[in-house]
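The residues making up each chain are set out below.
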Amino acid sequence: MESKAELRHRIRWQRRQLGLGERTRAARRLTAVLRRSRWYRYSRRIACYWATDGEMDLSGFLQRAHQDGRAIYLPVLNQRPVKKLRFHRYRPGERLRANRFGIPEPLPQQANRIACRDLDLVLVPLVAFDGQGHRLGMGAGFYDHTFAFIRHQQGRWRRPRLLGIAFSFQRIAALPVEPWDIPLADVATERGLARCQIEHRSRSSNPNRS
Ligand SMILES: Nc1ncnc2c1ncn2[C@@H]1O[C@H](COP(=O)(O)OP(=O)(O)OP(=O)(O)O)[C@@H](O)[C@H]1O
Ligand SMILES: [Mg+2]
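Residues numbered from 1 in each chain as written. Chains lettered and ligands numbered in written order. Predicted model: local features only at pLDDT ≥ 70, side-chain atom pairs only at ≥ 80, totals over all residues. Heavy atoms only, no water.

A. Summary view of the coordination of the magnesium ion (ligand 2). Looking at the metal site, the magnesium ion (ligand 2) is ligated by Asp144 (OD) and Asp181 (OD), spaced 2.0 to 2.1 Å from it. Of this pair, Asp144 sits in helix H5 (residues 142-146) while Asp181 is found in the loop between strand E10 (161-165) and strand E11 (186-189), placing the two residues 37 residues apart along the sequence. The same class applies to Asp144 and to Asp181, which are both buried. (Donors = N, O, S within 2.8 Å, 3.2 Å for Na, K, Ca; no water. Helix = DSSP H or I, 4+ residues; strand = E, 2+ residues; numbered from the N terminus. Buried < 20%, exposed > 50% of the residue type's maximum accessible area, 1.4 Å probe, protein only.)

This is the structure in structure tokens:
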């Protein structure tokens, strides 16, 4: 089995090789997949991300979602060493500024901040995923740290729902899992929803069986 570092390297490299046409098509399909899903229908406050390193581009999706009346939030990095993301409201066209990784983020005005537990849905970037909802990220642990509180919630009331976003080629058979990894409720790709079979959640609480 490849190590996490090898997997990250290989898949990130493959992802950067995708051409512009392929990316644009995939992003358009993903927007349709998301807007048709029950995850979306029942969510009012949705956290997105600003694509970097060849990640699936959500800019088209967030414009449509904004027009659909959804409130959109983007992550803002905390000061070091705290590895927690904060989420701030973003309306398409508003000014963003680059964080220490060069990723655009909203200006951190307190009035525009939302508590993580008040989000309905979080679209989570990833490097690789498997059919169990396991996620391999970039390796800093930001999403795991930020949403560690979900682990303590019971049954069907888990909020927010974490929905991984990826190109379908990022799926692998099985990922190594760490005790601190927070599982995804599902993963959306340009081909549809992965419909992750997650052991800890009963199938009847899956809002996504359309
Ligand atoms: N809840 C936590 N408690 C303690 N340590 C954590 C926790 N979450 C993450 N970490 C630390 O973060 C580091 C990176 O985690 P991991 O390898 O799972 O990254 P990742 O999920 O791939 O990255 P990211 O979430 O940033 O995209 C781990 O070495 C681990 O020590
Ligand atoms: Mg992790």
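B. Focus on a positive patch on the surface. Together, Arg25, Arg28, Arg29 and Arg191 line one region of the surface with positive charge. Summarising the element assignment, Arg25 is placed in helix H2 (residues 20-36). (Patch = residues over 30% accessible without salt bridge, like charges linked within 9 Å, V, L, I, M, F, W, Y side chains within 5 Å. Areas by Shrake-Rupley, 256 points an atom, 1.4 Å probe, with all protein chains shown as cover. Salt bridge = Lys/Arg side-chain N within 4 Å of Asp/Glu carboxyl O. Lys, Arg positive; Asp, Glu negative; His and termini not counted. Charge placed at Lys NZ, Arg CZ, Asp CG, Glu CD.)

C. Main features of helix H1 (residues 4-16). Between the first and last C-alpha of H1 there are 18 Å, a value that for 13 residues agrees with the 18 Å anticipated at 1.5 Å per step. For H1, the full list of buried residues reads Lys4, Leu7, Arg8, Ile11 and Arg15. Projected onto a plane normal to the axis of H1, the buried residues spread over an arc of 100° and lie on a single side. With respect to the buried face of H1, the exposed residues turned more than 90 degrees away are Ala5 and His9. Tucked inside the fold, the buried residues of H1 contact H2, strand E8 (128-129) and strand E9 (135-136). (Expected span 1.5 Å × (residues − 1). Arc of directions from axis to C-beta. Contact = heavy atoms within 4.5 Å.)

D. Molecular detail of the environment of Ala173. Inspection of the secondary structure puts Ala173 in the loop between E10 and E11. With relative accessibility at 79%, the residue Ala173 sits in the exposed group. Distance from Ala173 to Ala98, taken between C-alpha atoms, is 35 Å for residues 75 residues apart in sequence.

E. Highlighting the pattern of salt bridges. Counted according to the given criterion, the structure contains 8 salt bridges. For Glu2, the salt bridge goes to Arg10, with nearest N and O atoms at 2.9 Å. Relative accessible area serves as the criterion here: at 35%, Arg10 is assigned to the partly exposed category. In this structure, the salt-bridge partner of Arg45 is Asp120, at a minimum N-O distance of 3.8 Å. A residue pair is termed long-range when its members are at least 10 positions apart, and Arg45 in strand E1 (residues 45-47) and Asp120 in the loop between strand E6 (113-114) and strand E7 (121-125) qualify at 75 residues. With a relative accessible area of 33%, Arg45 lands in the partly exposed category. The network of salt bridges with shared partners includes Arg12, Arg15, Arg16 and Asp53.

F. Region of interest: the state of the cysteines. For the coordinates displayed, the defined rule picks out 0 disulfides. Distance from the sulfur of Cys48, which forms no disulfide, to the nearest cysteine sulfur (Cys116) is 14 Å. Of all cysteine sulfurs, the one in Cys48 lies closest to Cys196, which takes part in no disulfide; the gap is 19 Å. (Disulfide = S-S within 2.5 Å.)

G. Quick look at the sheet that holds E7. Spatially, E6-E3-E2-E1-E7-E10-E11-E12 is the arrangement adopted by the 8 strands of the open sheet, whose pairing is mixed. Every interior strand has two partners, whereas the edge strands, E6 and strand E12 (192-193), have only one. Strand direction decides the pairing type here: strand E2 (residues 71-77) and strand E3 (residues 85-89), joined by 5 bridges, are antiparallel. By the bridge assignment, Pro75 is partnered in E3 with Phe87. The strands touched by H2 within the sheet are E7, E10, E11 and E12, with E11 carrying the most contacts at an inclination of about 140°. (Pairing = 2+ DSSP bridges. Axes fitted to C-alpha atoms, helices over the stretch in contact; angles between N-to-C directions.)

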